[in-house]
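# Structural overview for review
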Amino acid sequence: MTSPLDRVSLRAQVLTRHLQSPPPLPPLPPLPPPADLLSSSACLSSYPELSEPPSAFDTKQMRSLLDGHNVEDRDWLFNLFLQSNLFNPRKIGHRIFVSPDYNQSMEQQREMTMKRIEYMLDRGVYKGWLTGKGAESELRKLALLEVISIFDHSLAIKLGVHLFLWGGAIQFLGTKRHHEKWLQVSEDYGIRGCFAMTELGHGSNVRGIETVTTYDSSAGEFVINTPCESAQKYWIGGAANHATHTIVFSQLNINGKSQGVHAFIVKIRDADGNICPNIRIADCGHKIGLNGVDNGRIWFDNVRVPRENLLNSVADVSLDGQYLSAIKDPDQRFAAFLAPLTSGRVNIAVSAVYMSKVGLATAIRYSLSRRAFSLAPNEHEVLLLDYPSHQRRLLPFLAKTYAMSFAANYLKSMYVQRTPETNKAIHVVSSALKATLTWHNMRTLQECREACGGQGLKTENRVGQLKGEYDVQSTFEGDNNVLMQQLW
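All values derive from a computational prediction rather than experimental measurement.

Right, let's talk about the nonpolar core for a bit. Formed by 110 residues in total, the largest nonpolar core has its most connected members in Met120, Leu159, Ile247 and Val266. Counting residues per element, this core draws most heavily on helix α9 (residues 340–367), which supplies 13 residues. If we skip the residues at most four places from it in the chain, Leu159 touches Ile117, Met120, Tyr126, Leu145, Ile148, Phe164 and Tyr189.

Here it is, written out as structure tokens:
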């Protein structure tokens, strides 16, 4: 067994030979036409092993195992992407790639996001996303959103806000009258919803939000007000440009007594895109990622909404102003109002795993084509992945990502089979996995970026760009450090 000193001496000899006497390039053997994206060049001192026969490993079976469900639906949606220039299809070698154009301005990215949403709407992609019933319908919805998130995070978030947060709030917190009025029209994009929970002064501490709603029994209306600057709704996806309606989370005061946080449907724009009276909206501006999502700020100046716009599955207010709820414990009522956030944490956890896969696929493929340093004169340089140091930096992340992929599938299975008895367990598991998987994703993408060297900086290789796009996952839908405390 060689000593550490011997290994240092060997590396020094390799570097010395590399710097002082570059080995001459041996003649390249004749190669068949490449079946991959890579091609050899006599100008390179090293070249990929293009002549190696393809592996007998069945990648389709592995993909079926990792994706877990709805593989044909995923392929159907991806083929829709390939058929439209909206998704920037490019043929390189024998493959077609799709990716967003990150060189577009913020305004262009936002408009392109809406065009892609409309393209998928016209082809029935969202059918059943809000009106479907049962675990199979939910799994299909989750599978298609995963495909969308692999293509573009902004597109997935824009859809998630409308169909999972806005739509999910109506499903979970509303009753029959809300379901009949809002779900189908939302699924058809007859309206565009957003989700106004976060405020400038309150994020994770939802119980402390400062927006105030009172009830006017003489008119049968709720009056919603932003009493101070820290109460402005902030980071509301869709609010800056496109949303016509929002779910407003607000403190409800009845007869001078606070009943805690409740949710209300509020129209914020008319059909022509004009902002409604007594509402002010501002743009949150350019971000390090997700610039295809129009995050906005909202202020309410005594905005009136009908009594029926209270989402009343948890609590209601009678026509004469009496507060009614079958859940007497205020803590339990508050917990019920947070139910729509569970689906968001499930989606975030799963998409984080897929982004780790994207980064690792790029970095490991690169390490199997890029060479650096030769061990002896007249020898080819060594593939990056043949170096133990390169293996140690990538392969542990690969192994963890496999394990986390199965964990994410388990979380989805829990979620689509949920019952009132399992809701608490799902809350705990989704909180833990959202934090664990998103932290893992950011560490993985950073290592993959470094492992690709300068190529990791190019936006077309996506790894560096994905760091900015997905960094937000550590804090939105619950700060990871706060979520981890749900385990205790």
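The next thing to look at is helix α6 (residues 153–173). At Gly160, α6 is bent by approximately 40°, the largest bend along its length. For α6, the tally of buried residues reaches 19 of 21 residues, placing the bulk of the element in the interior. The residue sitting at the N-terminus of α6 and contributing the capping side-chain oxygen is Asp152; that oxygen lies 3.4 Å from the backbone nitrogen of Ser154.

This part is about the confidence of the model for the protein. Low pLDDT means the predicted coordinates in that region are not meant to be read closely. Looking at the protein as a whole, its pLDDT mean stands at 89, while 89% of the residues score no less than 70. Long-range and interchain partners of residues 34–42, a stretch whose pLDDT sits below 50, account for 19 contacts in this model, where long-range means more than four residues apart. For the stretch residues 45–51, pLDDT sits under 50, and the model shows 18 contacts to residues farther than four places along the chain or on other chains.

Glancing now at the pattern of salt bridges. Under the defined criterion, the tally for this structure stands at 19 salt bridges. Two residues, Arg63 and Asp75, come together in a salt bridge whose shortest N-O distance is 2.8 Å. One end of the pair, Arg63, is in helix α2 (residues 59–67); the other, Asp75, is in helix α3 (residues 71–82), and 12 residues separate them in sequence. Across the pair Arg74 and Asp67 runs a salt bridge, and its minimum N-O distance is 4.0 Å. Residue Arg74 shares its accessibility class with Asp67, and that shared class is buried. It is possible to trace a salt-bridge network through shared partners that takes in Arg63, Asp67, Arg74, Asp75, Glu146 and Lys412.

Further remarks concern the packing of α9 against helix α12 (residues 463–470). Two numbers describe how α9 lies on α12: the axes approach to 10 Å, and their chain directions differ by 165°. With respect to α12, the element α9 is oriented roughly antiparallel. Judged by the twist between their axes, the crossing of α9 over α12 is left-handed. Between α9, through Ser351, Met355, Val358, Gly359 and Thr362, and α12, the contact on the second element is made entirely by Val463, Leu466 and Tyr470.

This part is about helix α7 (residues 176–187). Taking 1.5 Å as the rise per residue, α7 with 12 residues should run 16 Å; its terminal C-alpha atoms sit 16 Å apart, in good agreement. Inspection of α7 places His178, Trp182, Leu183, Ser186 and Glu187 among the buried residues, and these make up the whole buried set. All buried residues of α7 project into a common sector of 115° when viewed along the axis, lining one side. Relative to its buried face, α7 has exposed residues pointing more than 90 degrees away, namely Lys176, Glu180 and Lys181. Buried-residue contacts for α7 involve α4 (106–122), α6, β7 (245–254) and β8 (257–267). Backbone geometry just after α7 places Tyr189 at a positive phi near 60°.

The subject of this paragraph is empty space enclosed by the protein. Inspection of the entire model under this criterion finds 3 cavities of 30 Å³ or more. Of the volumes computed, that of the largest cavity is approximately 90 Å³. Every residue along the wall of the largest cavity is listed here: Met114, Ile117, Lys158, Val161, His162, Tyr189, Arg192, Gly193, Gly237, Gly238, His242 and Ala243. Those elements giving two or more residues to the lining of the largest cavity turn out to be α4 and α6. Take the lining of the largest cavity: its biggest share by element is 3 residues, from α6.

We now examine unusual backbone geometry. Although it is not a glycine, Phe373 adopts a positive phi angle of roughly 70°. The topology assignment puts Phe373 in the loop between α9 and α10 (388–416). On the basis of relative accessible area, Phe373 is assigned to the partly exposed category, the value being 32%. A positive phi is found at Arg462, a non-glycine position, where the angle reads about 75°. Counting through the fold element by element, Arg462 comes out in the loop between α11 (423–451) and α12.

The next point concerns the sheet that holds strand β6 (residues 233–236). Strands sit in the order β6-β10-β9 across an open sheet of 3 strands; the sheet is antiparallel. The sheet is open, and its two borders are formed by β6 and β9 (279–283), each paired with just one other strand. Between one strand axis and the next, the sheet turns through 25° on average, direction left out of account.

To continue, consider the packing of helix α5 (residues 135–151) against α10. Between α5 and α10, whose axes approach to 9 Å, the crossing angle comes to 140°. By the angle between their axes, α5 is oblique relative to α10. Of the two possible hands of crossing, α5 and α10 adopt the one that is right-handed. In this structure, α5 uses Ala135, Glu138, Leu139, Leu142 and Glu146 to contact α10, whose residues at the interface are Lys412, Tyr415 and Val416. Here the contact of α5 with α10 is composed, by residue class, of 5 nonpolar, no polar and 3 charged.

What follows is about the packing of aromatic side chains. One pass over the full model with this rule turns up 12 aromatic pairs. Grouped by ring-pair contacts, the aromatic residues Phe81, Phe87, Tyr119 and Phe151 constitute a single cluster. Here the guanidinium or amino end of Lys357 rests over the ring plane of Tyr354, the centre of that ring lying 4.3 Å away. In this structure, Lys400 packs its charged tip against the face of Phe397, placed 5.9 Å from the ring centre.

As for its placement among the helices and strands, Arg333 is situated in helix α8 (residues 330–337). Here the side chain of Arg333 touches Ile327 through a polar contact of 2.8 Å, landing on its backbone oxygen. One polar contact links the side chain of Arg333 to the main-chain carbonyl oxygen of Lys328, over a distance of 3.5 Å. Each residue touching Arg333, except ones within four places of it in the same chain, is listed here: Gln259, Val314, Ala315, Tyr323, Ser325, Ile327 and Lys328.

Tracing the sequence through the fold places Arg123 in the loop between α4 and α5. The exposure class assigned to Arg123 is partly exposed, which follows from its relative accessible area of 39%. Taking C-alpha positions, Arg123 is 9.6 Å from Leu77, a pair spaced 46 residues apart along the chain. Beyond its immediate chain neighbours, meaning those up to four positions away, Arg123 contacts Trp76 and Leu80.

Criteria and cut-off values
- Residues numbered from 1 in each chain as written.
- Predicted model: local features only at pLDDT ≥ 70, side-chain atom pairs only at ≥ 80, totals over all residues.
- Heavy atoms only, no water.
- Core = buried A, V, L, I, M, F, W, Y, C linked by side-chain atoms within 4.5 Å.
- Buried < 20%, exposed > 50% of the residue type's maximum accessible area, 1.4 Å probe, protein only.
- Helix = DSSP H or I, 4+ residues; strand = E, 2+ residues; numbered from the N terminus.
- Contact = heavy atoms within 4.5 Å.
- Bend = angle between axes of the 7 residues up to and from the residue.
- Polar contact = N/O pair within 3.5 Å; in protein donor to acceptor, adjacent residues only side chain to side chain.
- pLDDT = per-residue confidence, 0-100.
- Salt bridge = Lys/Arg side-chain N within 4 Å of Asp/Glu carboxyl O.
- Axes fitted to C-alpha atoms, helices over the stretch in contact; angles between N-to-C directions.
- Parallel < 35°, antiparallel > 145°, perpendicular 65-115°, else oblique.
- Left-handed = near helix turned anticlockwise from the far one by under 90°.
- Expected span 1.5 Å × (residues − 1).
- Arc of directions from axis to C-beta.
- 1 Å grid on protein atoms, 1.4 Å probe; cavity = no way out; pocket = protein on both sides within 12 Å on 5 of 7 lines; lining within 4 Å.
- Points joined across faces, edges and corners; volume = space filled by probe spheres on them.
- Pairing = 2+ DSSP bridges.
- Nonpolar A, V, L, I, M, F, W, Y, C, P; charged D, E, K, R; others polar.
- Phe/Tyr/Trp six-rings, centres within 6.5 Å; stacked < 30°, edge-to-face > 60°.
- Lys NZ or Arg CZ within 6 Å of the ring centre and 35° of its normal.

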